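For reference, the chains in residue letters:
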Amino acid sequence: MAMATMATLATETQFHVLAVDDSLIDRKLIERLLKTSSYQVTAVDSGSKALEFLGLNGNLEQIDSNRASVFPDHRHQHIEINMIITDYCMPGMTGYDLLKKIKESKYFKDIPVVIMSSENVPSRINRCLEEGAEEFFLKPVQLSDVNKLRPHLMKGRCKEEDQPNNKRKGMGEIINSPDRTRTRYNDGLEVV
């Protein structure tokens, strides 16, 4: 019974990442890297499927009431997404378009979004970071890139915990960091 409890705790503390890429090879690579790093992963092949998975409809401010028909097993309705990692260049909806739609949503605007691209275009990178992307990775994504995700996930978790009922303090510098692509640690933190 203790083993079952430990497994439940491990599952509860595992971060869930929504990976979006139209390329099957790139999608499988990022999924494997994330799972190797102990993330729970849901992978989809387009921005529109990502929005569908999140339950966002056309106006982005309501949870889609038809979600049960899209995901009839209802398991997606209670899944918390902690981060979205998306390819930039996809047919239909680009990763940049997906980023903008996520950041416009009052329900999902605080979810960290990471953009990936095989093209190193500084104006594209800057535009994504200015729009709210946490990171911009050049493909092929490597394990060292995936290792950069955890601080962004921790910031998201700290934001959730800093709601009115939370009494934890000391992470303000990380959350309010003006440099969103680098982690800043508060040297005054003390481990008790």
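The numbers attached to residues start from 1 for each chain and follow its sequence in the written order. Totals for whole chains, interfaces and linings use every residue, but because this is a predicted model, local features are given only for residues with pLDDT of at least 70 and side-chain atom pairs only at 80 or more, for both listing and counting. To get the side-chain values, all heavy atoms of the structure are used, and hydrogens and water are removed first.

Some details on the UniProt feature "modified residue: 4-aspartylphosphate" (unreviewed entry) in the chain
The condition that has to hold: UniProt positions are given in the numbering used here, feature names are shortened, and annotations may be inferred rather than shown by experiment. Only DSSP runs of H or I covering at least 4 residues are called helices, and only runs of E covering at least 2 are called strands; the numbering of each starts at the N terminus. Relative accessible area decides the class of each residue, using a 1.4 Å probe on protein chains only: under 20% of the type maximum gives buried, over 50% gives exposed, and in between gives partly exposed. Two residues qualify as a contact provided that any one of their heavy atoms is within 4.5 Å of a heavy atom in the partner residue.
In this numbering, the UniProt entry assigns the feature "modified residue: 4-aspartylphosphate" (unreviewed entry) to Asp 87. Note on placement: Asp 87 falls in strand β3 (residues 83-87). For Asp 87, a relative accessible area of 5% translates into the label buried. Residues within four places of Asp 87 in sequence aside, it is in contact with Val 20, Asp 21, Asp 22, Gly 95, Met 116, Ser 117 and Lys 139.

Considering the side chain of Glu 135
Under the convention used in this document: Counting rule applied: Lys, Arg positive; Asp, Glu negative; His and chain ends not counted. Salt bridges are defined by distance alone: a side-chain nitrogen of Lys or Arg within 4 Å of a carboxyl oxygen of Asp or Glu.
Tracing the backbone shows Glu 135 in strand β5 (residues 135-138). As a buried residue without a salt bridge, Glu 135 has its nearest oppositely charged side chain in Lys 148, at a separation of 5.4 Å.

What about the environment of Glu 31?
Within the secondary structure, Glu 31 is located in helix α2 (residues 24-36). Residue Glu 31 is classed as buried on the basis of its relative accessible area, which comes to 15%. If we ignore the near neighbours within four places in the chain, the residues touching Glu 31 are Val 41 and Ala 43.

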